[in-house]
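The chain contents come next:
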Amino acid sequence: MRFQRVGDIILKVAIVGGGAAGLMAAYAAAVNGNDVTVYEKNQKCGKKIYITGKGRCNFTNAVPPDEFLQNVVNNPKFLTRAIYSFPPERCIEFFENGGMPVKVERGNRAFPVSDKASDVTKTLEKYCKNVGVDIRLGEEIKDFTILNSTVSDIITSRGTYKTDKIIVCTGGLSYPSTGSTGDGYRFAEKAGHTIKPPKQALCGLNLAGCFYKKLQGLTLKNVNLSAEYGGKNIFSQFGEMLFTHFGISGPLVLSLSSLINRFDLKNLKLHIDLKPALDNEALDRRILRDFSQAANKNIYNCLKELLPFSLIEIILERAKIPADKKVNVITRAERAALLTSIKNFDMIVSSLRGFEEAIITSGGVNVNQINPATMESKLVKGLYFCGEVLDVDAFTGGFNLQIAFATGFAAGNSIKD
């Protein structure tokens, strides 16, 4: 069923960007009786959605709003109104009512039952089509006109159009191949907004040294990753991580990257507890038991039941124990050094991975200049900002897409005759 206009007066709304925030904003604005056009510079909408969750699209996290906000890294208070108005529960209901069955997996992560990210975009596009949204592909917004602190015209690669409202949903800088090239920051600055410098978030970390090259491909499960900055513990979390050709990645590392992306990395130290289920005394007893059962073996072979093969050599190097030394001549001091190397595997971060690999962008439009209930600029009437272009970001697990949907809904739903 196509949208039936209510009343004679409607507003012309231009949506800049056809991603998660843009399509949600378009639908919400059109439902209210507005003439809505989405301008997407790519040849299809939702290009970043297609690669989210390795193509499966973890589109939200099924937790209550208060718990959701605890997973927001920057400016959770700003998001409170939007998340409570369009919480994860409502988001799931929205997609299910649109014909997309949903499943919730470990960590409350919500996916399409089909495991196809394309279904998320198709559902959003169907909603928009049903309420008369005009989606223009391959048409890029170049500029817009502001008269008397109010938006007026929008200038695209194909022409100039009168508009009453502009909703900027251009994303940040992460995955620039999807079209996220920072256009929204330029639009915001033109309107007088300040921008918190963008930083990579939810990304891998480059490590100093070269030891990690011997560990490339090794996945560590049930370990504890902690971080120390300036002598203070700033992060400690249990879970999974992996070694790569550049350093480390995986769920624990992605979360950590969002917390340290503005730190002076020279003052940061990382530690892995490879056996967090065992305290020092319990681990020492385990090592002694293994030693007693293999007294005539060299220590390298004795550790094969305790550690991944690729880690043993590096652990022994750090403990300064020769790999061929017999277990029955290992000293108490050497055993203590071995225990320390296992419980406190140190690493130094040299840099973050680039924007081309970052899942999300940290930084963006200063939220102090944005109305948190409507996403409208406090500086220019009729100008709105939603999604990743704002200085809001969260941990991995569907939280960032939910932010896009909630802020997009807040903007579109606020535009009424």
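Being a predicted model, the structure only gives us computed values, none of them experimental. (Residues numbered from 1 in each chain as written. Predicted model: local features only at pLDDT ≥ 70, side-chain atom pairs only at ≥ 80, totals over all residues. Heavy atoms only, no water.)

(A) Main features of the nonpolar core. Counting 81 residues, the largest nonpolar core has F59, F95, I167 and F405 as the members making the most contacts within it. Looking at this core, the element that brings in the most residues is helix α1 (residues 20-31), giving 10 residues. With 50 residues, the next largest nonpolar core counts F211, Y212, I248 and V327 among its residues. (Core = buried A, V, L, I, M, F, W, Y, C linked by side-chain atoms within 4.5 Å. Buried < 20%, exposed > 50% of the residue type's maximum accessible area, 1.4 Å probe, protein only. Helix = DSSP H or I, 4+ residues; strand = E, 2+ residues; numbered from the N terminus.)

(B) View of helix α4 (residues 88-97). All of the buried residues in α4 are P88, C91, I92, F94 and F95. Summarising the axial view, the buried residues of α4 lie within an arc of 155°, below the 170-degree limit, and thus occupy one face. α4 presents E89 and N97 as exposed residues on the side facing more than 90 degrees away from its buried surface. Following α4 by one or two positions, G99 adopts a phi angle in the positive range, close to 95°. (Arc of directions from axis to C-beta.)

(C) Quick peek at the pattern of salt bridges. Taken as a whole, this structure holds 20 salt bridges when the rule is applied. With a closest N to O distance of 3.6 Å, K142 and E140 form a salt bridge. Taking relative accessible area as the criterion, K142 reaches 41% and is therefore assigned partly exposed. Assessed through its relative accessible area of 25%, E140 is described here as partly exposed. Across the salt bridge formed by K214 and E313, the nearest N and O atoms sit 3.8 Å from each other. Of the two residues, K214 is situated in the loop between β13 (205-207) and β14 (219-229) and E313 in helix α10 (residues 309-319); the sequence distance between them amounts to 99 residues. Residue class for E313 comes out partly exposed when judged on its relative accessible area of 41%. Here the residues in one salt-bridge network are R56, K103, E105 and D115, joined through shared partners. (Salt bridge = Lys/Arg side-chain N within 4 Å of Asp/Glu carboxyl O.)

(D) Broad picture of the confidence of the model for the protein. Chain-level pLDDT for the protein is 94 on average; 98% of the residues reach the 70-or-more range. Overall, residues 1-9 carries pLDDT values under 50, and its contacts beyond four positions in sequence, including any with other chains, amount to 13 contacts. (pLDDT = per-residue confidence, 0-100. Contact = heavy atoms within 4.5 Å.)

(E) Broad picture of the state of the cysteines. Enumeration according to the criterion identifies 0 disulfides in this entry. Counting only cysteine sulfurs, C45 is the nearest neighbor of C128, a cysteine outside any disulfide, at a range of 7.9 Å. Free cysteine C386: the closest other cysteine sulfur is in C169, separated by 4.3 Å. Accessibility expressed as a relative area gives 1% for C386, which makes it buried. (Disulfide = S-S within 2.5 Å.)

(F) Region of interest: the UniProt feature "domain: RsdA/BaiN/AoA(So)-like Rossmann fold-like" (unreviewed entry) in the protein. Sequence positions flagged by UniProt for "domain: RsdA/BaiN/AoA(So)-like Rossmann fold-like" (unreviewed entry) are, in local numbering, residues 12-413. Taken end to end, residues 12-413 is 31% helix and 27% strand, and its two terminal C-alpha atoms sit 14 Å from one another. (UniProt positions renumbered as here; feature names shortened; annotations may be inferred.)

(G) Focus on the packing of α1 against helix α5 (residues 118-130). The geometry of α1 relative to α5 is characterised by a closest axis approach of 9 Å and an angle of 25° between their N-to-C directions. What the angle tells us is that α1 and α5 run roughly parallel. Considering the relative orientation of α1 and α5, their crossing is left-handed. Along its contact with α1, which presents A20, L23, M24, A26 and Y27, the element α5 presents T121, L124, E125, Y127 and C128. The residue makeup of the contact of α1 with α5, split by class, is 8 nonpolar, 1 polar and 1 charged. (Axes fitted to C-alpha atoms, helices over the stretch in contact; angles between N-to-C directions. Parallel < 35°, antiparallel > 145°, perpendicular 65-115°, else oblique. Left-handed = near helix turned anticlockwise from the far one by under 90°. Nonpolar A, V, L, I, M, F, W, Y, C, P; charged D, E, K, R; others polar.)

(H) Representation of the side chain of N34 within the structure. You can see N34 is positioned in the loop between α1 and β2 (35-40). The class of N34 is buried, set by a relative accessible area of 5%.

(I) Summary view of the packing of aromatic side chains. This model, assessed by the stated rule, comprises 15 aromatic pairs. Note on F86 and F94: the rings are 6.2 Å apart at their centroids and 75° apart in plane angle, and the pair reads as edge-to-face. Each member of the pair, F86 together with F94, is buried. Ring geometry for F211 versus F243: centroids 6.4 Å apart, planes at 75°, classification edge-to-face. Separated by 32 residues along the polypeptide, F211 in the loop between β13 and β14 and F243 in strand β15 (residues 232-243) bring together distant segments of the chain. A residue is classified by how much of its surface remains accessible, and F243, at 1% relative accessible area, is buried. Among the aromatic residues, those joined into a cluster by ring pairs are Y27, F59, F86, F94, F95, Y127, F405 and F409. The ring centre of Y50 lies 4.1 Å from the NZ or CZ of K44, which sits over that ring. Directly above the ring of F345 sits R318, whose terminal nitrogen or CZ lies 3.9 Å from the centroid. (Phe/Tyr/Trp six-rings, centres within 6.5 Å; stacked < 30°, edge-to-face > 60°. Lys NZ or Arg CZ within 6 Å of the ring centre and 35° of its normal.)

(J) Focus on the packing of α10 against helix α11 (residues 332-343). With their axes 8 Å apart at the nearest point, α10 and α11 run at an angle of 125° to one another. Comparing their axes, α11 and α10 come out oblique. In this structure, the crossing between α10 and α11 has a hand that is right-handed. Each of I315, L316, R318 and A319 in α10 lies in contact with α11, whose residues at this interface are A337, L338, S341 and I342. Tallied by class, the residues present in the contact of α10 with α11 amount to 6 nonpolar, 1 polar and 1 charged.

(K) Inspection of the sheet that holds strand β3 (residues 60-61) at higher detail. In spatial order, the strands read β3-β6-β5; together these 3 strands make up an open sheet with antiparallel pairing. Each end of this open sheet is capped by a strand with a single partner; those strands are β3 and β5 (102-105). Strand direction decides the pairing type here: β3 and strand β6 (residues 109-112), joined by 2 bridges, are antiparallel. Pairing of T60 across the sheet is with A110, part of β6. (Pairing = 2+ DSSP bridges.)

(L) Inspection of the environment of T160 at higher detail. Checked against the element boundaries, T160 lands in strand β10 (residues 160-162). Among the residues examined, T160 registers a relative accessible area of 52% and is labelled exposed. For the pair T160 and P176, spaced 16 residues apart in sequence, the C-alpha to C-alpha distance is 26 Å. Once you skip the residues sitting within four places of it in the chain, T160 turns out to touch D153, I154 and I155.

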